[in-house]
Amino acid sequence: MKNSNVFTLISEDNLNKNQIEAISHSSGPALVLAGAGSGKTRVLTLKITSLIRDKLCGSNQILGLTFTNKAANEMKARIEKIIGSKIDFPWVGTFHSISYKILRINSAMLGGTFNSNFSIYDPSDQLKLLKKIIKDLDHDNNKYDPLRMRGKIDSLKNSHLYDEWEFDDEKELQIAKKYQSTLEQSNSMDFGDLILKFYELMTKNESFKVKMQNLFKYVFVDEYQDTNIIQFKLINLLASPEKNLFAVGDEDQSIYGWRGANIDNILNFKKYFPETKIYKLEQNYRSTPQILNVSNSLIMNNSERLEKKMWTSNSAGSMVDLQEYSDDREEAKSIACKIYDNKKNYKFQDVAVFYRTNAQSRVLEEEFRKLGVQYRIFGSISFYERSEVKDCLSFLKFISNPNDEIAFDRIINIPSRGVGKKTLEKLKSIFQNSENNFLQTLETCLNSNVFSKKTFSSISNLIKEISSFKLNLETYKSISESFELFLKNISYFDFLNDEDRLGNVSELLNFISEYEQGIDKPDINEFLNSIMLSSSIDQMNPDSSYVTLMTVHLAKGLEFQSVYVVGLEEGLFPHSRAMYSIGELEEERRLCYVAMTRAINYLHLSYCKMRRQFGSIIYSNASQFLDEISSCEEVNILQQSQQVSDESNRVFHYKFGQGYIIDSEIDEYDEVVTVEFDSGYRKKVFISDLEEV
């Protein structure tokens with residue numbers, strides 16, 4: 001594809017030799033090994049742009065698969081900026097969103113009771129359904145733990161077709177079958193179903209397979225190292241027979257093995273696609289040489305990797321700081337102080353703190369609040385998981401898909417309509433023994449003396465308001481305005497009677513309104529599933545003034561001027577679950593590598609000698625990953641603060657236990673001092689109640 005248009009693109013962008021070679025790839029399979037910060041998004045966007053400019057295909061013939069909406073949107077925005085006009089890329093998105101779109105268009109091929117308005121169940125919906133099934137089947141809830149069953153079903157969907165599933169336990173098979181049949185009866189799918197049903201159609205419907213292969217002339221995959229077995233098989237079929245597959249990935253950043261990602265997909269790429277041309281992007285444009293050299297020293301300890309050596313021509317920066325703390329409270333306090341004291345050099349929005357597990361955020365939050373360091377946590381309870389927001393989404397789900405049993409269960413008594421347990425069981429029985437959906441079942445029951453007088457009135461009102469909502473939608477075309485009126489008329493706002501919760505509903509209505517403004521034909525189902533398929537980092541705002549707190553798994557693909565990685569201790573990072581498997585230990589090392597390579601100018605690593613976990617004090621050793629980088633000349637080992645490390649300040653109190661005197665000035669009148677105890681409490685206590693340790 002070496003023509004004037006490609007070289008015009010290249011001359012317009014400052015590219016290195018390896019990037020140019022990758023963009024100039026003509027046809028057949030290509031694997032771009034793109035190390036951290038090597039400009040992979042630029043290569044992907046310029047490659048796609050060159051196809052459009054050279055008129056080798058239309059934008060609707062390009063399939064671009066990513067793992068986050070953020071990556072997909074960034075790719076489309078960059079292409080539009082280069083070309084200078086708005087271009088529609090209908091098939092650039094996440095694996096799940098593209099699968100959803102294709103299944104909705106081709107819902108008639110799915111069979112069973114599925115139609116185009118199918119719902120998507122998130123992990124919490126899955127768990128509710130499994131709990132109900134295990135209870136209905138009268139199985140032991142401990143032996144057949146719903147959380148474990150959800151993980152097992154998800155794992156099978158990542159690797160096998162439905163008719164290939166195997167269980168050693170007959171009751172587990174029974175639960176899985178009932179789970180799938182209930183989903184179908186509810187006209188619903190979980191995340192795993194979206195991709196698996198797409199792949200199943202490709203394998204079992206020849207005309208559909210040929211249609212898809214003819215539709216997509218070029219297939220692009222971002223973060224290829226994160227693909228699972230079913231995604232790999234789906235990509236292979238979609239790219240056939242021409243094999244115009246352009247995969248970009250980095251085996252050193254493969255960190256999702258726990259959710260089915262198969263690192264062999266990238267390690268053995270050339271084995272699966274023998275005609276593959278491999279391009280290595282080894283120049284890092286993000287980090288300082290100090291950060292990159294320390295990161296390289298860590299990842300070189302892995303054996304499951306392809307040969308590449310990252311380098312940078314960026315200007316030298318500060319050393320990588322490595323600090324030991326006595327406990328997690330001191331660690332959190334010190335980091336909060338460093339961030340606050342350095343806010344002139346690094347604004348809050350330029351700073352991130354990464355940790356291995358969500359539980360580590362609590363003590364950080366406390367110390368940040370004390371100092372007035374603004375922060376935002378990603379990956380904790382999301383906006384859409386809040387009770388009142390979940391209520392509203394369930395109303396919309398039920399209106400769009402009245403077969404959705406989980407949505408029905410949630411909304412039938414909100415606000416209270418007097419539907420008791422026995423009445424609900426009767427409703428479910430009538431539903432099971434008819435071909436009606438839940439809304440039709442309610443209408444039928446109004447004429448069958450199923451409800452008490454009070455319940456009859458409230459159910460009648462619900463049915464009437466659902467009908468009015470649909471009519472308003474047809475008349476005024478506004479989902480947000482029609483839904484606000486619906487909520488008002490069913491007395492939902494009165495039911496909440498809480499300013500914060502009402503504010504969250506208002507925010508949801510605003511979000512619906514924003515969605516409507518950005519689309520020609522607003523659709524409830526499209527809106528709902530855009531939410532279901534979003535991730536917490538999709539809501540990140542780079543202009544907001546807050547420090548980012550998140551687990552390392554969520555940090556993938558992001559970058560910050562200043563990064564703090566906390567809790568680098570054996571059993572925590574690497575996690576204790578990975579200590580007895582070389583493969584899992586190497587994934588933990590890759591995870592640490594990802595954390596370190598998010599940093600642009602400053603990197604701070606820390607560990608504690610003691611940490612509170614699950615109400616107990618755990619004594620810790622430094623992570624083996626720190627041993628692997630400790631000899632690097634770019635690592636600056638910081639000493640503990642003198643006050644805390646000075647054992648002469650160590651005291652014991654009969655009630656509060658051990659701690660440190662942190663206020664050296666004794667109040668001569670009250671004879672008290674300030675002590676920070678190992679429990680995290682800071683108190684003024686009488687000197688007479690203290691003993692030296």
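Residues numbered from 1 in each chain as written. Predicted model: local features only at pLDDT ≥ 70, side-chain atom pairs only at ≥ 80, totals over all residues. Heavy atoms only, no water.

### Some words on the overall build of the protein
Alright, step 1. Counting its secondary structure elements, the protein contains 29 helices and 22 strands.
Alright, step 2. Taken against the 2.2 N^0.38 rule, which gives 26 Å for 693 residues, the C-alpha radius of gyration of the protein at 28 Å falls within 12% of a compact globule.
Alright, step 3. When the 693 residues of the protein are sorted by exposure, 54% land in the buried category.
Alright, step 4. Put simply, 75% of the contacts in the protein that link residues at least 6 apart link residues at least 24 apart.
Alright, step 5. If you average the places of the 83 positive and of the 98 negative side-chain charges in the protein, the two averages end up 5 Å apart. (Helix = DSSP H or I, 4+ residues; strand = E, 2+ residues; numbered from the N terminus. Rg over C-alpha atoms; globule rule 2.2 N^0.38 Å. Buried < 20%, exposed > 50% of the residue type's maximum accessible area, 1.4 Å probe, protein only. Contact = heavy atoms within 4.5 Å. Lys, Arg positive; Asp, Glu negative; His and termini not counted. Charge placed at Lys NZ, Arg CZ, Asp CG, Glu CD.)

### A look at the domain arrangement of the protein
Alright, step 1. Per the domain assignment, the segments of the protein are domain 1 (17-106 + 195-281), domain 2 (119-186), domain 3 (292-380 + 540-638), domain 4 (383-533) and domain 5 (650-692).
Alright, step 2. Taking the mean C-alpha position of each, domain 3 and domain 5 sit 32 Å from one another. (Domains from an automatic or database assignment.)

### Topic: helix H9 (residues 191-204)
Alright, step 1. End to end, H9 covers 21 Å across 14 residues, agreeing with the expected 20 Å (1.5 Å per residue, within 8%).
Alright, step 2. Along H9, 11 of the 14 residues are buried, which leaves the element largely enclosed by surrounding structure.
Alright, step 3. Regarding H9, its N-cap is aspartate 190, as a side-chain oxygen of that residue lies 3.1 Å from the backbone nitrogen of glycine 192 further along. (Expected span 1.5 Å × (residues − 1). Polar contact = N/O pair within 3.5 Å; in protein donor to acceptor, adjacent residues only side chain to side chain.)

### Overview of the pattern of salt bridges
Between side chains of opposite charge, a pair can form as their charged atoms come close.
Alright, step 1. For the structure shown, the criterion picks out 45 salt bridges.
Alright, step 2. Among the ionic pairs, glutamate 526 bridges to arginine 104, the shortest N-O distance being 3.0 Å. Taken as a pair, glutamate 526 in helix H25 (residues 524-532) and arginine 104 in helix H5 (residues 95-105) lie far apart in primary sequence, 422 residues in all.
Alright, step 3. Put simply, Lys40, Asp222, Glu223, Asp226 and Lys556 are held in one network by salt bridges that share partners. (Salt bridge = Lys/Arg side-chain N within 4 Å of Asp/Glu carboxyl O.)

### Focus: the sheet that holds strand S14 (residues 599-608)
Alright, step 1. Judged by pairing direction, the sheet is parallel, and its seven strands sit side by side in the order S11-S12-S10-S13-S14-S9-S17 without closing on themselves. Each edge of the sheet is formed by a strand with only one pairing partner; in this case those strands are strand S11 (375-377) and strand S17 (635-638). With direction set aside, neighbouring strand axes in the sheet form an average angle of 20°.
Alright, step 2. In this structure, strand S10 (residues 351-355) lies alongside strand S12 (residues 547-551), joined through four bridges in parallel fashion. Bridge assignment links alanine 352 to a residue of S12, and that residue is threonine 548.
Alright, step 3. Together, strand S9 (320-325), S10, S12, strand S13 (560-565), S14 and S17 form the strand contacts of helix H15 (residues 328-341), whose direction differs from that of S14 by roughly 155°. (Pairing = 2+ DSSP bridges. Axes fitted to C-alpha atoms, helices over the stretch in contact; angles between N-to-C directions.)

### What to know about the pairing of strand S6 (residues 218-221)
Alright, step 1. With burial as the criterion, each face of S6 is covered, one bearing Tyr218 and Phe220 and the other bearing Val219 and Val221.
Alright, step 2. In this sheet, S6 lies alongside strand S2 (residues 62-66) in parallel orientation, the contact comprising four bridges. Counterpart to isoleucine 62 in the pairing with S6 is tyrosine 218.
Alright, step 3. Relative to strand S7 (residues 245-249), S6 is paired through three bridges, and the arrangement is parallel. Across the sheet, residue valine 221 finds its bridge partner in S7, namely alanine 247.

### Brief notes about the side chain of glutamate 586
Alright, step 1. By secondary structure assignment, the location of glutamate 586 is in helix H27 (residues 582-596).
Alright, step 2. Buried charge without a partner: glutamate 586 forms no salt bridge, and the closest opposite charge is arginine 590, 4.4 Å away.

### Remarks on the nonpolar core
Alright, step 1. Of all hydrophobic cores here, the largest spans 61 residues; its most connected members are Phe198 and Tyr224.
Alright, step 2. Apart from the residues within four sequence positions on either side, tyrosine 224 is in contact with Phe232, Ile235, Ala247, Val248, Gly249, Asn265, Ile266, Phe269 and Phe273.
Alright, step 3. Among the nonpolar cores identified, the runner-up in size contains 45 residues, and Ile411, Phe438, Phe483 and Tyr515 belong to it. (Core = buried A, V, L, I, M, F, W, Y, C linked by side-chain atoms within 4.5 Å.)

### Comments concerning the confidence of the model for the protein
Alright, step 1. Of the residues in the protein, 92% reach a pLDDT of 70 or more, and the chain-wide mean stands at 89.
Alright, step 2. Here helix H29 (residues 642-645) is the element of the protein with the lowest mean pLDDT, 40, and S13 is the one with the highest, 98.
Alright, step 3. Note that residues 642-646 has pLDDT below 50 and, in this model, eight contacts with residues that lie over four places away or in other chains. (pLDDT = per-residue confidence, 0-100.)

### Side note on the sheet that holds S2
Alright, step 1. One open sheet holds the six strands; their spatial order is S3-S2-S6-S7-S1-S8, and the pairing between them is parallel. A strand with exactly one partner marks an edge of an open sheet, and here the two such strands are strand S3 (92-94) and strand S8 (277-281). Averaged over all neighbouring strand pairs, the angle between strand axes comes to 15°, with direction disregarded.
Alright, step 2. Bridge analysis of strand S1 (residues 30-34) against S7 gives four bridges, and the strand direction is parallel. Residue valine 32 lies in a different strand from S7, and its bridge partner there is valine 248.
Alright, step 3. The strands touched by H5 are S2, S3 and S6; relative to S3, the strand with the most contacts, the crossing angle is about 110°.
Alright, step 4. Set on the sheet, helix H11 (residues 229-239) makes contact with S2, S6 and S7; between it and S6 the angle comes to about 155°.

### Comments concerning the environment of tyrosine 492
Alright, step 1. Mapped onto the elements of the fold, tyrosine 492 is located in helix H23 (residues 492-496).
Alright, step 2. A relative accessible area of 0% places tyrosine 492 in the buried class.
Alright, step 3. Not counting residues up to four positions away in its chain, the partners in contact with tyrosine 492 are Glu388, Asp391, Cys392, Phe395, Ile414, Pro415, Leu487 and Val505.

### Some details on helix H20 (residues 438-446)
Alright, step 1. Where H20 is concerned, the buried positions are Phe438, Leu439, Thr441, Leu442, Cys445 and Leu446. Viewed along the axis of H20, the buried residues span an arc of 160°, placing them on a single side of the element.
Alright, step 2. The residue sitting at the N-terminus of H20 and contributing the capping side-chain oxygen is asparagine 437; that oxygen lies 3.0 Å from the backbone nitrogen of leucine 439. (Arc of directions from axis to C-beta.)

### Comments concerning unusual backbone geometry
Alright, step 1. With an omega of -5°, the peptide bond running from serine 240 to proline 241 counts as cis.
Alright, step 2. The residue proline 241 is located in the loop between H11 and S7 in this model.
Alright, step 3. Between isoleucine 414 and the following residue, proline 415, the backbone shows a cis peptide bond with an omega angle of -15°.
Alright, step 4. Mapped onto the secondary structure, proline 415 falls in the loop between helix H18 (405-411) and helix H19 (421-432).
Alright, step 5. The phi dihedral of aspartate 138 is positive, around 60°, even though this residue is not glycine.
Alright, step 6. Even without a glycine there, the phi angle at lysine 243 is positive, about 60°.
Alright, step 7. Tracing the sequence through the fold places lysine 243 in the loop between H11 and S7.

### Some words on the packing of aromatic side chains
Alright, step 1. In this structure the tally under the stated criterion is 28 aromatic pairs.
Alright, step 2. Centre to centre, the rings of phenylalanine 198 and phenylalanine 208 are 6.2 Å apart; their planes meet at 80°, and the pair counts as edge-to-face. Here phenylalanine 198 is found in helix H9, whereas its partner phenylalanine 208 is found in helix H10 (residues 206-215), with 10 residues between them in sequence.
Alright, step 3. Among the residues examined, phenylalanine 208 registers a relative accessible area of 0% and is labelled buried.
Alright, step 4. Among the aromatic side chains, those forming a connected cluster through ring pairs are Phe395, Phe469, Phe483, Phe486, Tyr492 and Phe495.
Alright, step 5. The lysine or arginine in question, lysine 101, covers the ring of tryptophan 91, its NZ or CZ lying 5.3 Å from the ring centre.
Alright, step 6. Taking NZ or CZ as reference, arginine 259 lies 3.8 Å from the ring centre of tyrosine 256, over its face. (Phe/Tyr/Trp six-rings, centres within 6.5 Å; stacked < 30°, edge-to-face > 60°. Lys NZ or Arg CZ within 6 Å of the ring centre and 35° of its normal.)

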